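Chain and residue survey
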Amino acid sequence: MPRQERLHSATGIYHVMLRGINKQDIFEDDEDYIQFLKILNGLVNRHDDDGHILPAHCTFYAYCLMTNHIHLLMRELDEQIGESVKRIGVAYARYYNRKYERNGHLFQDRFLSEPVNNIEYFMTLMRYIHQNPVHAGLAAEVRDYPWSSWAEYEGMQTDYHICKTSPVIKRLDKTNLYEFVTMPVDSNNILDIDYGIGVNITDDDIKGKIAEISGLQLPTEVQNLAKSERNTILKQLCEYGANIRQISRVTGISYGVIYRAKSGS
């Protein structure tokens, strides 16, 4: 089956997601996260051998580096989005493979992307991307997570200034900025790590699987089980091929709880 052609963005802005091949972790320690940020910085703050400023390859508006995947909100400039993403993937894979003495691909073969054609969706993605660590249970609040671009929006001292923050800041004063980013997001139609996984598994399939492995007739009853038993069932559903959003919808259990059960944390 031929690959589906990427949807074109009229604004040149895309929400891009890279994930580890076979869902593997792509960051093992702080040094890995820092190296990835250096690569992003190298695409926007470019200089020749004499120190003269060169045009940026792209513009970043937001990023979030998760354990096994990455979200980028970016705009293509002097090269197409695929070329910039390839630069990022190749550079980081080269570093990672050398450090961990491995060979082969690090990222899933084809990155995922969706066009961002209006300011409303742009602002929705700003919230969604920065809320990712909270939903995954990696941070209590957006500002607690060290590997997203939110520190740049709050004007905190950072080693790199990767993102163009003015499109957001000019619409919101600083007193409303954090309130904005923590507003709930309807993420059902947003590209995420579960995109394209479990598409052949229906809600009825999930209900049947729950009954098969637990004996429960109502999927929402999974909420009432002991934590260890509940997490075992959630992990089995993920291994069955259901994605996290489906499981959350059917059982009423939060995304973060399912994510942690899936990863065994």
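For the structure, see preceding data.
Presented here is a report on the structure given in the accompanying data block. (Residues numbered from 1 in each chain as written. Predicted model: local features only at pLDDT ≥ 70, side-chain atom pairs only at ≥ 80, totals over all residues. Heavy atoms only, no water.)

Scanning all chains against the criterion turns up 0 disulfides. Here Cys64 stays free of any disulfide, with the sulfur of Cys163 as its closest cysteine sulfur at 11 Å. The exposure class assigned to Cys64 is buried, which follows from its relative accessible area of 0%. (Disulfide = S-S within 2.5 Å. Buried < 20%, exposed > 50% of the residue type's maximum accessible area, 1.4 Å probe, protein only.)

This part takes up unusual backbone geometry. At Glu101, a position not held by glycine, the phi torsion is positive, near 50 degrees. Position of Glu101 relative to the elements: it lies in the loop between helix H2 (81–100) and strand E6 (112–115). (Helix = DSSP H or I, 4+ residues; strand = E, 2+ residues; numbered from the N terminus.)

Formed by 81 residues in total, the largest nonpolar core has its most connected members in Phe60, Leu72, Leu73 and Tyr92. Setting aside residues up to four positions removed in sequence, Tyr92 forms contacts with Ile26, Phe27, Asp32, Gln35, Phe36, Ile39, Leu106 and Phe107. (Core = buried A, V, L, I, M, F, W, Y, C linked by side-chain atoms within 4.5 Å. Contact = heavy atoms within 4.5 Å.)

The next thing to look at is the side chain of Arg230. Among the structural elements, Arg230 can be located in helix H8 (residues 227–240). No salt bridge is formed by the buried Arg230, whose closest oppositely charged neighbour, Glu229, lies at an N-O distance of 9.9 Å. (Lys, Arg positive; Asp, Glu negative; His and termini not counted. Salt bridge = Lys/Arg side-chain N within 4 Å of Asp/Glu carboxyl O.)

Read across the sheet, 4 strands follow the order E4-E5-E1-E6 without closing on themselves; strand pairing throughout is antiparallel. Edge positions in the sheet fall to strand E4 (58–65) and E6, since each has one partner strand and no second. Each adjacent strand pair in this sheet contributes to an overall mean axis angle of 20 degrees, direction not counted. Both strand E1 (residues 13–19) and E6 contribute to a ladder of 4 bridges, which runs antiparallel. Within E6, the residue paired with His15 across the bridge is Glu114. In this fold helix H1 (residues 30–44) packs onto E4 and strand E5 (69–76), with an angle of close to 170 degrees to the strand it touches most, E4. (Pairing = 2+ DSSP bridges. Axes fitted to C-alpha atoms, helices over the stretch in contact; angles between N-to-C directions.)

This brings us to the pairing of E4. The two faces of a sheet get side chains in turn, since along a regular strand they alternate between them. Burial analysis of E4 places 8 of its 8 residues in the buried class, the great majority of the element. For E4 and E5, the ladder comprises 7 bridges, and the chain directions are antiparallel. Bridged to Cys58 within E5 is Glu76. In textbook terms, the turn of a hairpin is the stretch between consecutive antiparallel strands, and for E4 and E5 this stretch comprises 3 residues.

Looking now at the pattern of salt bridges. Following the criterion strictly, the structure yields 6 salt bridges and no others. Where Lys99 meets Asp32, a salt bridge forms, and the shortest distance between an N and an O atom there is 2.8 Å. Taken as a pair, Lys99 in helix H2 and Asp32 in helix H1 lie far apart in primary sequence, 67 residues in all. The partner of Arg143 in a salt bridge is Glu154, with the nearest N and O atoms 2.8 Å apart. With Arg143 in the loop between helix H3 (119–135) and helix H4 (150–153) and Glu154 in the loop between H4 and helix H5 (166–169), this pair connects stretches of sequence that are 11 residues apart. Judged by its relative accessible area of 39%, Arg143 is partly exposed. One connected set of salt bridges, linked through shared partners, spans Asp29, Glu31, Asp32 and Lys99.

All right, on to the packing of H8 against helix H10 (residues 255–263) then. H10 packs onto H8 with a crossing angle of 80 degrees between their chain directions and a minimal axis gap of 8 Å. For the element pair H8 / H10, the angle class is roughly perpendicular. Each of Arg230, Asn231, Leu234, Lys235 and Cys238 in H8 lies in contact with H10, whose residues at this interface are Val257, Ile258, Ala261 and Lys262. For the contact of H8 with H10, the class distribution of residues is 5 nonpolar, 1 polar and 3 charged. (Parallel < 35°, antiparallel > 145°, perpendicular 65-115°, else oblique. Nonpolar A, V, L, I, M, F, W, Y, C, P; charged D, E, K, R; others polar.)

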